[in-house]
Amino acid sequence: MLIVLTFLLILLHFAVAVISPSRFILLALWVQTIPYTWNWDAQMVFDTPIGPLNVVAMQVFGFLFSSMLVVGRNISRLREYAPQFSWHLVFMLFCVVSLSYAPSVGYGIRMIAKLLGPLMFALALVCAMESREDLERAETAIIGSGVILIALAVVAKAMGVESDPNAVNSGQAGLGPPSMGPPVFSAHMLAVSMLALAIYLRDKKLRMLLMALLSALCILAAYQRTSAAAMYIGFSAILFVGTRGVWRLLLPVSGVVALPVLIVFSDNFRRRMFFGVNSSNQILNDPMDAIGKINSSGRFSLWDTALRRFFYDHQLLGSGIGSTEEYLHGLTGSAIGVMHSEYVRLMCEMGVIGLLLFAIAMMFYLIKLSVRGRDGNGLINSYTLAALGSLIAYLIYCATDNGFDYVSQFGAYVFGLVAMAFKEHQLTSPAVTLDKVVSQLSRQVVISNLMR
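Attention in this report is confined to the structure presented alongside it. Source: prediction; values computed, not measured.

### Considering the packing of aromatic side chains
So, point 1. Here the structure, examined in full by the defined rule, presents 17 aromatic pairs.
So, point 2. Residues F85 and Y365 carry aromatic rings whose centres are separated by 6.0 Å and whose planes lie at 70 degrees to one another, so their mutual orientation is edge-to-face. Of the two residues, F85 sits in the loop between α4 (75-81) and α5 (86-98) while Y365 sits in helix α18 (residues 342-371), which places them 280 residues apart along the sequence. As far as the burial class goes, F85 and Y365 line up, both buried.
So, point 3. Taken together, the ring pairs connect F85, Y365, Y394, Y397, Y406, F410, F415 and F422 into an aromatic cluster.
So, point 4. Between the NZ or CZ atom of R110 and the centre of the ring of Y107, over which it lies, the distance is 4.2 Å.
So, point 5. Across from the ring centre of Y200, 5.3 Å away, lies the NZ or CZ of K204, which sits over that ring.

This is how it looks when you write it as structure tokens:
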């Protein structure tokens, strides 16, 4: 039943992408995060021509191919928009090249799909969205997806249904819908919260401030340290570039104060941060010893093993795309095997060149967003603000978690916001505005001539 439902949903996305590209964008933003596998095993593995795939992997390929259909329908426009994503395309080209020396074509193709999905969705968005009204509908869909997930998470909590696999070790269950879990839930809420805060700063809509606060509380309630840190830095970036005066420094300064306070006074926070540190006195008396006991959840050991096996002997080009995933899946004997750092994964699989190209692509986005999208008062527009905050949060998240894996729940929304920012700039640029005026005047002249 699960596989049938998954195929039906994929076919629905295909059909909408062919019939109405703009509606495909809205459909994807509204529903692709909903964890419909609530009562099923989402990790159930099915044999395919490129190896064993679970439902999540099938969703990724379906999402990618649907986005490619939209881009293919608007191929004539691609030349206009491709320069906005040029370095990202160069990075993806190198990913394809690295497939030639990858140990597994199947795992390599799956990794390419994870990396290409958000980019193709962003290209599909700029091709399909044609007006400010279209962008506002996409904005509503992103906020609405957050509302749906919050409702599902709260209902699950009230019913006593837990989705946090780390609760066994920590004794605390983070907030998150079943079959999605706190890591993915909090990652998605990062994009939602950045958009809500950015819209509030520009439009002063009280409901957006409430949504930003609610999203932030949900991220904290998920008990994910990486998500909390990404939220703090993303919010700080939005306030710094989007406000003036003392407000732009308020959150960064408060964070510097809040972190030591949490470590000293919060037993729950301290237990999640450190091994064997039972009191604040241990931290105050010997800070270096406490740093040595930071709880990495096994990440440090995993990264060291992966770098030794895949990077040190292949530093320039890496060991081939998908190599770490193949190795980890082989160790666990299941479809669960993640590096918990996308930068370590890039170094291992595509070496220094791959990591450098990814860094250049992300820096290219950040620079473009920083210098564009300003109104007459020199303030950055809402979608540009949201894209800046979301992209920074995404990059922080990827440092110690699996941002690449969360294609349709996180990556698509982050790069979708980047695309919305580029599209907003295009729609409001003087050249476009002049073209619209000329077009309207031409229509008026034609109408007046017909009436004579």
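### What to know about unusual backbone geometry
So, point 1. Of note, the phi angle at K204 is positive, near 55 degrees, even though the residue is not glycine.
So, point 2. You can see K204 is positioned in the loop between α9 (181-203) and α10 (206-221).

### What to know about α9
So, point 1. Compared with an ideal rise of 1.5 Å per residue, which puts 23 residues at 33 Å, α9 spans 33 Å between its outermost C-alpha atoms and is within 8% of the ideal.
So, point 2. Across the 23 residues of α9, 20 count as buried, placing the element largely inside the fold.
So, point 3. K204, located one to two residues past α9, shows a positive phi value of around 55 degrees.

### A few points about the pattern of salt bridges
So, point 1. In total, this model carries 10 salt bridges according to the counting rule given.
So, point 2. A salt bridge links K114 to E325; the nearest nitrogen and oxygen atoms lie 3.0 Å apart. Within this pair, whereas K114 is found in helix α6 (residues 105-128), its partner E325 is found in helix α17 (residues 323-332), the two being separated by 211 residues in sequence. The same class applies to K114 and to E325, which are both buried.
So, point 3. Here R345 ties to D405 by a salt bridge, and the two come within 3.1 Å at their closest N and O atoms.

Conventions used here
All residue numbers refer to position in the chain's written sequence, counted from 1. Reporting in this predicted model follows two pLDDT cut-offs: at least 70 for local features of residues, and 80 or more for side-chain atom pairs to be given and counted; totals over whole chains, interfaces and linings ignore these cut-offs and use all residues. In computing side-chain values, all of the structure's heavy atoms are included and hydrogens and water are not. Planes of paired rings set the category: under 30 degrees apart is stacked, over 60 is edge-to-face and the rest tilted, where pairs are Phe, Tyr or Trp rings (Trp by its six-membered ring) whose centres lie within 6.5 Å. Runs of H or I in DSSP of at least four residues are treated as helices and runs of E of at least two as strands, each being numbered from the N terminus. In this scheme, a residue with accessible area under 20% of its type's maximum is buried, one over 50% is exposed, and one in between is partly exposed, where area comes from a 1.4 Å probe on protein chains only. Each ring is checked for a lysine NZ or an arginine CZ that lies within 6 Å of its centre and within 35 degrees of its normal; such an atom marks a charge sitting over the ring. By definition here, a helix of n residues has an expected span of 1.5 Å times n minus one. For this document, the term salt bridge refers to a Lys or Arg side-chain nitrogen within 4 Å of an Asp or Glu carboxyl oxygen.

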